[in-house]
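Architecture at a glance
Here's the letter readout for the chains.
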Amino acid sequence: LFPYTTLFRSCAVQKLVGCFLILLATTGAGWMYGKELRNYLEELSHFRRIIEQIKGELLYAGLPLSEIFYNIASREKEPYENWLMDLAFQCQGTQEKRFADLWTDTIEKDLPELKWRGKMNPLICEPGELLEIGDREGVVRLLEYHLKRLDVEIEKRTAETSEKKKLGSWLGAAGGIFLVILLL
């Protein structure tokens, strides 16, 4: 009779530990989803600040795009510094590609953080097309409009982030409880 109760207790302890680990893992997955949302929002806000700097340099300095990118890159940290340096270098070379294509290609290569669930936001690729226009004043006005659209996107994502973070945590915990009940 004694070995049977020890075996039963051992099995019950294993189930209890397994239940705890399942709850921990699913709640952690929900927490990671919220953290991923928050990181994407921070990257989008940083990208917006860079577009603001490009607009300012175009408006006040009147430099060529490659020099503007070098100037901004000198004030930025990784990975944005690499992206801007790469973009400046490719702007100086022969233009085998459209500038919009260079913009998108360098973003995809140097800034994978700006992809959300494997997709690139069109608002991130659009400034490349706007900067192709030759008229500086027109580009500045279009960039101002684009910055307003980015602000709306950031506000929308901020509102969604708090809701989705809570939802992700609760769904993770609920999924864990469901698995625990299923396995018991």
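Described below are features of the structure shown in this document. Here the structure is a predicted model, which is why all the values come from computation and not from measurement.

Scoring rules and cut-offs
- Residues numbered from 1 in each chain as written.
- Predicted model: local features only at pLDDT ≥ 70, side-chain atom pairs only at ≥ 80, totals over all residues.
- Heavy atoms only, no water.
- Helix = DSSP H or I, 4+ residues; strand = E, 2+ residues; numbered from the N terminus.
- Buried < 20%, exposed > 50% of the residue type's maximum accessible area, 1.4 Å probe, protein only.
- Contact = heavy atoms within 4.5 Å.
- Phe/Tyr/Trp six-rings, centres within 6.5 Å; stacked < 30°, edge-to-face > 60°.

1. Some points on the side chain of R48
Mapped onto the fold, R48 is located in helix α1 (residues 2–61). A relative accessible area of 19% places R48 in the buried class. In contact with R48, other than residues within four places in its own chain, are L147, L150, D151 and I154.

2. Things to note about the packing of aromatic side chains
Evaluation of the coordinates by the stated rule reveals 4 aromatic pairs. Between W83 and W103, the aromatic rings sit 5.1 Å apart at their centres with planes inclined by 80°, giving edge-to-face as the arrangement. Residue W83 is located in helix α3 (residues 80–92), and its partner W103 is located in helix α4 (residues 99–110); the two are separated by 20 residues in the primary sequence. This pair shows no difference in class: W83 is buried, exactly as W103 is.

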